[in-house]
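Geometric and topological summary
One-letter residues, chain by chain:
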Amino acid sequence: MSDGMSKSQKRAATAAALREEQQRRENRRRLITIGAVLAAMVLIVGGAILVSKLQSDKQQSDLESAVPPAGSSANGVTIGPDSAPHTVVIYEDFLCPFCGELEHQTHAKLAELAADGKVQVEYRPFDLLGGGNPESYSERSLNAFAAVLDSAGPEAAKKMHDLLYENQPSESGPFPSDDDLLALAVQAGASESQVKDDIENGGQQDFVDQATAAAQKAGVKSTPTVLVDGKLQTGFSTVDDLATQLLQEVG
Amino acid sequence: MKGAVHEWAGLVARLVTGAVWLVAGALKVTSPDTSIAAVRAYELLPGSLVEPVALTLPALELVVGLALILGVLTRGAAVVSGLLFVAFIIGIVSVWSRGIEIDCGCFGGGGFDPDASAKYPWEIARDSGLLLLSAYVVLVPRTRVAVDRILFPERSHA
């Protein structure tokens, strides 16, 4: 009797041990599966990050090699001598508020450094926000800038550039009228009779289109896009950072 | 009976959230520069973190989307999905309250958008809805038509 008990107990114990073993194996299998799936996911995420990173680096170096050096393009206005130890290229849109903020924080200092021969800066305004519409403020302001450049030369054009940013409208309007733009052009040093027709009738549309096409061709997709000594400025968080970074590198 | 309803509803929740992630991730993963600009526009992260975050998010979205659609490690994927939605809701509320007008960059794009303020409430509502769906998937242990069912067969005693 007692033998029988112990036999059935043994059987029960063996069955329990088997079940336990089976359970352990099942748990292990689950863990391995989870690990394998997680590893596959990490691989996919890592691969996608790597591809994006390579692509981003490539876009950056493509842009750097496609952007004409400071002082060399027909689509901007340049301050500072060719002999300056640092060069800066700034792509901007007269409507873009970050560009306005960058201008506000850097234009005085850059003008001073350029006058001292320490930096050459080329401002290349183009139409980013106007979407190619000649009626947009981006294009109207650029057209007015080009009219001043064409009739009164680069110095007046730089003044017009600064004035346009000083009087920058909000992106949602209201926008300056043709008369307002004309008044700024005259203030910048252009003669009213020479720029009036251009400003009122979009007479510098060719300049606008060329400047915009040149920026697009170089791969500029946002404003402000800033290159210092041919290197695209990245790694900033805000426009304040960008302004500080820019001035530090050329100062 | 009730369990089966939840299993099917869980499948729908998985597919909806998963598809959103998949599309959002796929649209961004191919244009890293746009993502970087979009993340920068939130003015939330220090400069050195902008690029790593901008490159990681689309990849993560893609994988979470895939996992949810296929039903692989469903619960974990749903937890990550929920956390991401919480982060995005915080991001949008943050720019909204600071008066910054940007495209959320949720499906590519990003940067300034003059009509942004009008879109923020709808974007927050959308993300909240998707957050609820993610939470639901976390709570429903097993859903229909999931790879998990093959990888992790029901335990006999469960």
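Rules and cut-offs
Residues numbered from 1 in each chain as written. Chains lettered and ligands numbered in written order. Predicted model: local features only at pLDDT ≥ 70, side-chain atom pairs only at ≥ 80, totals over all residues. Helix = DSSP H or I, 4+ residues; strand = E, 2+ residues; numbered from the N terminus. Rg over C-alpha atoms; globule rule 2.2 N^0.38 Å. Buried ≥ 20, exposed ≤ 12 C-beta atoms within 10 Å, placed from the backbone. UniProt positions renumbered as here; feature names shortened; annotations may be inferred. Axes fitted to C-alpha atoms, helices over the stretch in contact; angles between N-to-C directions. Parallel < 35°, antiparallel > 145°, perpendicular 65-115°, else oblique. Left-handed = near helix turned anticlockwise from the far one by under 90°. Contact = placed C-beta atoms within 7 Å. Nonpolar A, V, L, I, M, F, W, Y, C, P; charged D, E, K, R; others polar.

**Remarks on the overall build of chain A**
A count of helical and extended segments in chain A gives eight helices and five strands. In sequence order, the secondary structure elements of chain A are arranged as α-β-β-α-β-α-α-α-α-α-β-β-α. At 32 Å, chain A has a C-alpha radius of gyration far larger than the 18 Å of a compact globule built from 251 residues. Reported as C-alpha extents along the three principal axes, the dimensions of chain A are approximately 125 × 40 × 25 Å. A total of 251 residues make up chain A; the buried ones form 38% of that total.

**A few points about the UniProt feature "transmembrane region" (unreviewed entry) in chain A**
As recorded in UniProt, the feature "transmembrane region" (unreviewed entry) lies at residues 31-51 of chain A. Structurally, residues 31-51 of chain A is divided into 100% helix and 0% strand, and its ends, taken at the C-alpha atoms, are 30 Å apart.

**Section: the packing of helix α3 (residues 47-70) of chain B against helix α4 (residues 74-97) of chain B**
Residues and elements named next belong to chain B. In the contact formed by α3 and α4, the axes pass within 9 Å of each other and the chain directions differ by 140°. Classed by the angle they form, the pair α3 and α4 counts as oblique. Judged by the twist between their axes, the crossing of α3 over α4 is left-handed. Mapping the contact onto sequence places V64, A67 and L68 in α3 and T74, A77, A78, V80 and S81 in α4.

**What about the interface of chain B and chain A?**
Taken together, the 27 residues of chain B in the interface contact 23 residues of chain A. Of all the elements in the fold, those that place two or more residues in the side of chain B that touches chain A are α2 (32-41), α3 and β2 (111-112) of chain B. Ranked by residues supplied to the side of chain B that touches chain A, first place goes to α3(B) with 11 residues. Tallied by class, residues from the side of chain B that touches chain A come to 20 nonpolar, four polar and three charged.

**Digging into the packing of helix α4 (residues 154-166) of chain A against helix α5 (residues 178-188) of chain A**
All names here are of chain A. Two numbers describe how α4 lies on α5: the axes approach to 8 Å, and their chain directions differ by 135°. Our classification of the angle between α4 and α5 gives oblique. Here the hand of the crossing between α4 and α5 comes out right-handed. Counted together, A156, K159, M160, L163 and L164 of α4 and L184, A185, Q187 and A188 of α5 form the full contact between these two elements. Considering only residue class, the contact of α4 with α5 consists of seven nonpolar, one polar and one charged.

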